[in-house]
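Chain and residue survey
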Amino acid sequence: MNLPNQSPEYVAEVPSNIALIKYWGKQNAELQWPANDSLSMTLSHARSITRVQINNEPCDLLVIDGRQADQNSPQFKKPLQFLQKIRTILEEEIDTSRHLSITSHNTFPQSSGIASSASGIGALTLGAVAAWTGSPSFSVLSSRGFSQERLASLARLGSGSSCRSFGGGFVLWKAGKSPEDQETISLFSREHWDLQDMILIVSREPKLISSSHGHDRAWTSPLFKNRLSEVPHRLQRLQDSIVYRDFALFGAIIEEDALEMHEVMKTSVPSLNYLLPITREILQWILHKRASSHFPAYFTLDAGPNIHLICEKASLDRLVNEVKKENWPIEIIVDEIGSGPALSLSALKHQK
Ligand code: DP6
């Protein structure tokens, strides 16, 4: 609660995103420099909401989904180390010595296969920088030297894919010619194409190998170099399909890219398999449906067993019903293309 005389509470909301051309493998892990350009669709409902206040305590206080931070738990290790990292990076520019009280929650269930590190690290970056600089809006942040592009590049240091959550619609993360040359560009706004993401949750088990560890193995796959040479052309074709809203072309490309990433994972040393038998069964079903009837939906997969089925708004209800009819032991979460992050001051600040 925000009592009188307390410092204001900044509320950062950052959405998750689903990659259409995947970021897999890094040229430099320390500097978070990806091996290839990637392109994602920003989601709308799946968000991390992070409230940040300057405190007078001797340390930062972090609560995620109602649980108090514990240094040894992997859920907290990543955000706490990241907070320390941006504090050090920014300390000569702004006063980052002040400790923060941070309360964060996701609007989507934990371990649902929705990229919580992209939204979570994004919201932590936005909330912390807003609190340290006393900025209640993006325009004030920008006037203090923190454009959305700069915030994205800070967030990237905690989780690569989080930089793409700083824009709405379709977002391109360009690797550039050096780590400093990286860019995050919003290519098309959400209004351009009303796509939906039907997320089929087949498992809620946390993954055994994190994507950060998975990235390290990419170079051991004999398929990886070939993937890297294919991606630029694929990315260009994907952008064309978005420009013309050519859904069949769009779908063919996103499936090709997701399957290729999983082939790279499988052929890495040691081999990585994020898929479950039920994932494969559903993928087969989708391919069969498409071959035998009009089935206007295409899948993509992240580093996990859950399936993102992308479709246009007009076909959503029918497709949800078709999936439900199969009676798989799965949960369905429906999301859609979104417009990017938000920043505000907690309404309670007006209390006197
Ligand atoms: C499969 O961004 O989670 O979701 O940078 O090491 O934190 P780190 O990895 P992360 O990797 C995401 C991988 C992916 C594909 C993607 O989102 O592009």
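Remember, it's a predicted structure, so these values are computed and weren't measured experimentally.

What counts and how
Residues numbered from 1 in each chain as written. Predicted model: local features only at pLDDT ≥ 70, side-chain atom pairs only at ≥ 80, totals over all residues. Heavy atoms only, no water. Helix = DSSP H or I, 4+ residues; strand = E, 2+ residues; numbered from the N terminus. Rg over C-alpha atoms; globule rule 2.2 N^0.38 Å. Contact = heavy atoms within 4.5 Å. Phe/Tyr/Trp six-rings, centres within 6.5 Å; stacked < 30°, edge-to-face > 60°. Near = heavy atom within 4 Å. Polar contact = N/O pair within 3.5 Å; in protein donor to acceptor, adjacent residues only side chain to side chain. Areas by Shrake-Rupley, 256 points an atom, 1.4 Å probe, with all protein chains shown as cover. Nonpolar A, V, L, I, M, F, W, Y, C, P; charged D, E, K, R; others polar. Axes fitted to C-alpha atoms, helices over the stretch in contact; angles between N-to-C directions. Parallel < 35°, antiparallel > 145°, perpendicular 65-115°, else oblique. Left-handed = near helix turned anticlockwise from the far one by under 90°. Buried < 20%, exposed > 50% of the residue type's maximum accessible area, 1.4 Å probe, protein only. Core = buried A, V, L, I, M, F, W, Y, C linked by side-chain atoms within 4.5 Å. Patch = residues over 30% accessible without salt bridge, like charges linked within 9 Å, V, L, I, M, F, W, Y side chains within 5 Å. Salt bridge = Lys/Arg side-chain N within 4 Å of Asp/Glu carboxyl O. Lys, Arg positive; Asp, Glu negative; His and termini not counted. Charge placed at Lys NZ, Arg CZ, Asp CG, Glu CD. Expected span 1.5 Å × (residues − 1). Arc of directions from axis to C-beta.

This paragraph deals with the overall build of the chain. Scanning the chain from terminus to terminus reveals 9 helices and 14 strands. Scaling as 2.2 N^0.38, a compact globule of 352 residues should have a C-alpha radius of gyration of about 20 Å, and the chain matches this with 20 Å. In terms of overall dimensions, the chain has C-alpha extents of about 65 × 40 × 40 Å along its principal axes. Of the contacts made within the chain by residues no fewer than 6 positions apart, 75% connect residues no fewer than 24 positions apart.

Using the criterion set out here, one finds 9 aromatic pairs in the structure. With 6.1 Å between their ring centres and 85° between their planes, Trp193 and Phe247 make a pair best called edge-to-face. Placement of the pair is Trp193 in the loop between strand E9 (183-188) and strand E10 (195-201) and Phe247 in helix H7 (residues 247-266), with a sequence separation of 54 residues. Their ring planes at 75° and their centres at 5.2 Å tell us that Phe247 and Tyr298 sit as a pair that is edge-to-face.

Around the ligand, the structure places 18 residues, and the nearest of them are Tyr23, Lys26, Gly160, Ser161 and Ser212. One of the backbone nitrogen or oxygen atoms of Gly160 is found 2.7 Å away from an oxygen atom of the ligand. Ser212 is positioned with one of its side-chain polar atoms (N or O) 2.7 Å from an oxygen atom of the ligand. Bound to the protein, the ligand loses 95% of the 460 Å² it would expose on its own. Of the residues forming the shell around the ligand, the biggest block, 3 residues, is contributed by helix H5 (residues 211-217). Grouping the constituent residues of the shell around the ligand by class yields 5 nonpolar, 8 polar and 5 charged.

Looking now at the packing of helix H6 (residues 224-243) against H7. Taken N-terminus to C-terminus, the directions of H6 and H7 make an angle of 160°; their axes are 9 Å apart at the nearest point. The pairing of H6 with H7 is recorded here as roughly antiparallel in orientation. Between H6 and H7 the crossing geometry is left-handed. On the side of H6, the interface is formed by Phe224, Arg227, Glu230, Val231, Arg234, Arg237, Leu238, Ser241 and Ile242, while H7 contributes Leu249, Phe250, Ile253, Ile254, Glu256, Asp257, Glu260 and Val264.

Looking now at the environment of Gly304. When you line up the elements, Gly304 lands in the loop between strand E11 (297-301) and strand E12 (307-312). Sequence spacing of Gly304 and Val202 is 102 residues, and the spatial spacing of their C-alpha atoms is 9.7 Å.

Turning to the environment of Pro79, a few remarks are in order. In this fold, Pro79 is placed in helix H1 (residues 74-90). The class of Pro79 is buried, set by a relative accessible area of 10%. It is 9.5 Å that separates the C-alpha atoms of Pro79 and Thr125, two residues lying 46 residues apart in sequence. Ignoring sequence-local partners within four residues, the contact set of Pro79 consists of Leu62, Ile64, Ile121 and Leu124.

The next subject is the nonpolar core. By size, the foremost hydrophobic cluster in this structure holds 37 residues, and its most contacted members are Leu100, Leu126, Trp132, Leu141, Phe146 and Leu151. Listing elements by their share of this core, those giving two or more residues are strand E1 (9-21), strand E4 (38-54), strand E5 (61-64), H1, strand E7 (100-106), helix H2 (116-133), helix H3 (138-143) and helix H4 (148-156). Ranked by the residues each element gives to this core, the list is headed by H2, at 9 residues. Apart from residues no more than four positions distant in its own chain, Phe146 is found in contact with Leu90, Glu93, Ile94, Val129, Thr133, Leu141, Leu151 and Leu154.

This part is about a negative patch on the surface. Taken together, Glu149, Glu180, Asp181 and Glu183 make up a surface patch of like negative charges. Counting through the fold element by element, Glu180 comes out in the loop between strand E8 (170-174) and E9.

For helix H8 (residues 277-292), with 16 residues, the first-to-last C-alpha span of 22 Å sits near the 22 Å given by 1.5 Å per residue. Those residues of H8 not exposed but buried are Ile278, Thr279, Ile282, Leu283, Trp285 and Ile286. Around the axis of H8, the buried residues are gathered within 155° of arc, so they sit on the same side. Away from its buried face, by an angle of more than 90 degrees, H8 presents the exposed residues Pro277, Gln284, His288, Ala291 and Ser292. As for H8, its buried residues are in contact with E10, E11, E12 and helix H9 (316-325).

Bringing the side chain of Thr50 into the picture now. With respect to the helices, strands and loops of the structure, Thr50 is situated in strand E4. For Thr50, a relative accessible area of 1% translates into the label buried. At 2.8 Å, the side chain of Thr50 forms a polar contact with the side chain of Ser104. The residues contacting Thr50, other than those within four sequence positions of it, are Tyr10, Val11, Ala12, Ile102, Thr103, Ser104, Ala123 and Leu124.

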